[in-house]
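# A look at the structure
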Amino acid sequence: NQITDGTSNTIALLEAKDAVPWTMPDEMPMNPNPAVPVVGQGSLHPGGYNALFCDGSVKFLKNTISVLVLRALVTKAGGEIISADAY
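Notes on the structure follow. (Residues numbered from 1 in each chain as written. Predicted model: local features only at pLDDT ≥ 70, side-chain atom pairs only at ≥ 80, totals over all residues. Heavy atoms only, no water.)

### Things to note about the pairing of strand 3 (residues 58-62)
Heads up, the rule is: A strand pair is defined by DSSP finding two or more bridges across the two strands. Going along the chain from the N terminus, every DSSP run of H or I of four or more residues is numbered as a helix, and every run of E of two or more is numbered as a strand.
Relative to strand 3, strand 2 (residues 48-53) runs antiparallel, the two being bridged by five bridges. Bridge pairing links A51 to K59 in strand 3. Counting the residues that bridge the hairpin from strand 2 to strand 3 gives four residues, and of these G56 lies at a positive phi of roughly 95 degrees.

Structure follows, in structure tokens:
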């Protein structure tokens, strides 16, 4: 009930370029300045990486995703409306 943006619109986990022990999950730094790119997410998959959403679905995010869209997807109560074709 605290995820007011909707569980299908909120990312819980992102695939990371660097391995992290599953027993010691780490957080991706998020700079509040939208001009600064988000770092840390990624994969060996060409063109993008997987994201686990709070509803249990896994979606493939393109490497070309807008920083503003990604920031909106990781907030649980920001009030943003994000179309699935934005990522």
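### So, the sheet that holds strand 1 (residues 11-14)
Note the cut-off: Comment: axis = line fitted to C-alpha atoms, over the contacting stretch for helices; angle = value between 0 and 180 degrees taken between N-to-C directions. What makes two residues a contact is simply this: any of their non-hydrogen atoms within 4.5 Å.
Reading across from one edge, 1-2-3 is the order of the three strands in this open sheet, with antiparallel pairing throughout. The outermost strands of the open sheet, each flanked by one partner alone, are strand 1 and strand 3. Each strand axis lies, on average, 40 degrees off the axis of its neighbour in the sheet, ignoring direction. Sheet topology note: the strand 1/strand 2 ladder contains three bridges and is antiparallel. Within strand 2, the residue paired with L13 across the bridge is L52. The strands touched by helix 1 (residues 67-74) are strand 1, strand 2 and strand 3; relative to strand 1, the strand with the most contacts, the crossing angle is about 115 degrees.

### Let's talk about the packing of aromatic side chains
How we decide: Stacked, tilted and edge-to-face pairs are distinguished by plane angle, under 30 degrees for stacked and over 60 for edge-to-face with tilted covering the rest, among Phe, Tyr and Trp rings (Trp via its six-membered ring) whose centres lie within 6.5 Å. Placement of a charge over a ring requires the Lys NZ or Arg CZ to be within 6 Å of the ring centre, with the centre-to-atom vector within 35 degrees of the ring normal.
Applying the stated rule across the entire model yields one aromatic pair. Directly above the aromatic system of F53 lies the positively charged group of K59, at a separation of 4.3 Å from the ring centroid.

### Quick look at the nonpolar core
Heads up, the rule is: The criterion is simple. A nonpolar core is a set of buried Ala, Val, Leu, Ile, Met, Phe, Trp, Tyr and Cys residues joined through side-chain atoms within 4.5 Å. Burial classes: relative accessible area under 20% of the type maximum marks a residue as buried, over 50% as exposed, and values in between as partly exposed (1.4 Å probe, protein chains only).
Core analysis: the biggest nonpolar cluster contains ten residues, these being I11, Y49, A51, F53, L61, I65, V69, L70, L73 and Y87. When residues of this core are traced back to their parent elements, those giving at least two are strand 2 and helix 1. Look past the residues within four positions of I11 in its chain and what remains in contact with it is A51, L52, F53, C54, L61, L70, L73 and V74.

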